[in-house]
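# What the coordinates show
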Amino acid sequence: MRGRFITFEGGEGVGKSTQARMLAAALEARGHRPLLTREPGGTPGAEAIRTLLLDPAQSFGPASETLLFAAARADHVAEAIEPALAAGRWVVCDRFLDSTRAYQGGEGGLTDADICTLHAVGSRGLLPDLTLLLSAAPEQVADRLAARDGDNSDRIGGRPADYHRAVAARFAALAAMEPERFRVIEATGSPEEVHARIMAEVEALA
Ligand SMILES: Nc1ncnc2c1ncn2[C@@H]1O[C@H](COP(=O)(O)OP(=O)(O)O)[C@@H](O)[C@H]1O
Ligand SMILES: Cc1cn([C@H]2C[C@H](O)[C@@H](COP(=O)(O)OP(=O)(O)O)O2)c(=O)[nH]c1=O
């Protein structure tokens, strides 16, 4: 049987990586052999593109930035995600297509329809079975981000607060448009509390 594909989405520092690791560990404890992966990245080629994309010394226009995310994803899907799903493994991915729709869509580059077309061409339109959108007000995660990154945010994370507010609004709009695929998870409280909310949604999937 084909594996399940679960993605984590949301703004910077809401706890996606922490929760992706906790979910993968919980699946392992149940006898699964999940693939835990991330975007941009997840394969050698896509990790090389990630280095370019996040390097503050680089500068890309909105269209080239979007195309690079799509190129990294195409390699990740073909070389890592699809083979794992076909082998019956569950895949837990820290960010995916919806990050491109939220971060690059609406920023004067490509439209949401363009981004979905690129995804259809590059990644055969692969969509997650479940997308967990971690949601918290920026003030609620500011301390977490400061403790993790200090002054070292990357080329995209370091953009102004208005940009990140627009990203959060686009994520919320995507979740409202596709309620069957998305679950909005309150990301405040301890990591264990957030994990319990996530497991309730994953149980429903299994
Ligand atoms: N529920 C939580 N409460 C407090 N701190 C958290 C929580 N979840 C994660 N953190 C911490 O906040 C920082 C950002 O979490 P991380 O999982 O890296 O977020 P993201 O992947 O969404 O950017 C990390 O230092 C992490 O240890
Ligand atoms: C996958 C993806 C990430 N990004 C951005 C979001 C982040 O600022 C950055 C790197 O992602 P990530 O390492 O997940 O950052 P964080 O842990 O802070 O959430 O890349 C996009 O702009 N578009 C995309 O399609």
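Residues numbered from 1 in each chain as written. Chains lettered and ligands numbered in written order. Predicted model: local features only at pLDDT ≥ 70, side-chain atom pairs only at ≥ 80, totals over all residues. Heavy atoms only, no water.

Naming follows an unreviewed UniProt entry, where the protein appears as Thymidylate kinase of Aurantiacibacter xanthus. Quoted straight from UniProt, the Sequence similarities (unreviewed entry) entry for the protein says "Belongs to the thymidylate kinase family." Quoted straight from UniProt, the Function (unreviewed entry) entry for the protein says "Phosphorylation of dTMP to form dTDP in both de novo and salvage pathways of dTTP synthesis." (UniProt positions renumbered as here; feature names shortened; annotations may be inferred.)

### Quick notes on the packing of aromatic side chains
Inspection of every chain in the model, using the stated rule, returns 3 aromatic pairs. A ring pair is formed by Tyr103 and Phe171, whose centres lie 6.1 Å apart and whose planes are at 80 degrees; its orientation type is edge-to-face. With Tyr103 in helix α4 (residues 97-103) and Phe171 in helix α7 (residues 161-177), the pair connects residues that are 68 residues apart, well separated along the chain. Under the relative-accessibility criterion, Tyr103 is labelled buried at 4%. An aromatic cluster is built from Tyr103, Tyr163 and Phe171, whose rings are joined through pairwise contacts. (Phe/Tyr/Trp six-rings, centres within 6.5 Å; stacked < 30°, edge-to-face > 60°. Helix = DSSP H or I, 4+ residues; strand = E, 2+ residues; numbered from the N terminus. Buried < 20%, exposed > 50% of the residue type's maximum accessible area, 1.4 Å probe, protein only.)

### Digging into unusual backbone geometry
Pro40 follows Glu39 through a cis peptide bond whose omega is -10 degrees. Unlike most non-glycine residues, Arg95 shows phi in positive territory, near 75 degrees. Within the fold, Arg95 resides in the loop between β3 (91-94) and α4. A positive phi angle is found at Arg124, which is not glycine, with a value near 50 degrees. The residue Arg124 is located in the loop between α5 (112-123) and β4 (130-135) in this model.

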